[in-house]
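Listed below are the residues making up each chain.
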Amino acid sequence: QVQFVESGGGLVQPGGSLRLSCTASGFIFRLTAMGWYRQAPGTQRELVARINTDDTTTYLDSVKGRFTISRDNAKNTVYLQMNSLKSDDAAVYYCNLWPTIQKFGWGQGTQVTLSS
């Protein structure tokens, strides 16, 4: 059974930082491209960052230079370091395969909230 367990979210002031973690299971992690996605209320879920099996990465334009995705294949874990956070970054963040496979579903996500 495929599972994703996200953690590391929280309440942060604009300009602050958070590091998200996601531990995955049920598939061969080291052979799979992974992504961090986010969904804010009333919006579609969007891909924020992607890391391929060769550690090459791509980012949503709005987070380039602020977010860094990385992976630890020994721990089946993918990370998202988020710096210089902005109000537009507030959302529930999820990890998943890239591209996603519908039957695998989603984890519970981790909430990122920006204080006013």
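For clarity, every value in this text was computed on a predicted model and none was experimentally measured. (Residues numbered from 1 in each chain as written. Predicted model: local features only at pLDDT ≥ 70, side-chain atom pairs only at ≥ 80, totals over all residues. Heavy atoms only, no water.)

J.: It is not clear to me how the overall build of the protein should be interpreted in this structure. Could you clarify?
T.: Secondary structure summary: the protein contains 0 helices and 10 strands in total. Scanning the protein from its N terminus toward the C terminus, one meets helices and strands in the order β-β-β-β-β-β-β-β-β-β. Computed over C-alpha atoms, the radius of gyration of the protein comes to 13 Å, within 12% of the 13 Å expected from 2.2 N^0.38 for 116 residues, which places it in the range of a compact globule. Referenced to the eigenvectors of the C-alpha coordinate spread, the extents of the protein come out at roughly 40 × 25 × 20 Å. When each of the 116 residues of the protein is scored for burial, the buried share is 41%. Across the protein, contacts joining residues at least 24 apart in sequence account for 54% of those joining residues at least 6 apart. By element, 48% of the accessible surface of the protein is carried by carbon and sulfur atoms, the whole surface being about 6,200 Å². (Helix = DSSP H or I, 4+ residues; strand = E, 2+ residues; numbered from the N terminus. Rg over C-alpha atoms; globule rule 2.2 N^0.38 Å. Buried < 20%, exposed > 50% of the residue type's maximum accessible area, 1.4 Å probe, protein only. Contact = heavy atoms within 4.5 Å. Areas by Shrake-Rupley, 256 points an atom, 1.4 Å probe, with all protein chains shown as cover.)

J.: Any chance you could explain the environment of Gln 111 here in plain terms?
T.: Mapped onto the elements of the fold, Gln 111 is located in strand 10 (residues 110-114). Note on Gln 111: relative accessible area 41%, which makes it partly exposed. Apart from residues lying up to four places away in sequence, Gln 111 is in contact with Gly 9, Gly 10, Ala 91 and Val 92. Among the polar contacts listed, one links the side chain of Gln 111 to the backbone oxygen of Ala 91, at a separation of 3.4 Å. (Polar contact = N/O pair within 3.5 Å; in protein donor to acceptor, adjacent residues only side chain to side chain.)

J.: Got a minute to help me understand the side chain of Arg 71 in this structure?
T.: Topologically, Arg 71 is positioned in strand 7 (residues 67-72). One buried charged side chain, Arg 71, makes no salt bridge at all; its nearest oppositely charged neighbour is Asp 55, positioned 4.6 Å away. Within the local environment of Arg 71, its side chain forms a polar contact with the backbone oxygen of Phe 29, the two atoms lying 2.7 Å apart. Side-chain polar atoms of Arg 71 contact the backbone oxygen of Thr 32, separated by 2.9 Å. Contact partners of Arg 71, with chain neighbours within four places excluded, come to Phe 29, Arg 30, Thr 32, Ala 33, Met 34, Ile 51, Asn 52, Thr 53, Asp 55, Thr 77 and Val 78. (Lys, Arg positive; Asp, Glu negative; His and termini not counted. Salt bridge = Lys/Arg side-chain N within 4 Å of Asp/Glu carboxyl O.)

J.: In this structure, what is going on with the pairing of strand 5 (residues 46-51)? I would like to understand it.
T.: Bridge count for strand 4 (residues 34-39) against strand 5 is 5 bridges, and the pairing is antiparallel. Residue pairing in the sheet places Tyr 37 in a bridge with Leu 47 of strand 5. Between strand 4 and strand 5, which follow one another and run antiparallel, lie 6 residues, and Gly 42 among them has a positive phi close to 75 degrees. With 3 bridges joining them, strand 5 and strand 6 (residues 57-59) adopt antiparallel strand pairing. Looking at strand 6, one finds that Ile 51 is bridged to Thr 57. The turn linking strand 5 back onto strand 6 is made up of 5 residues, and Asp 55 within it adopts a positive phi angle of 70 degrees. (Pairing = 2+ DSSP bridges.)

None of this, on its own, says anything about what the molecule does.
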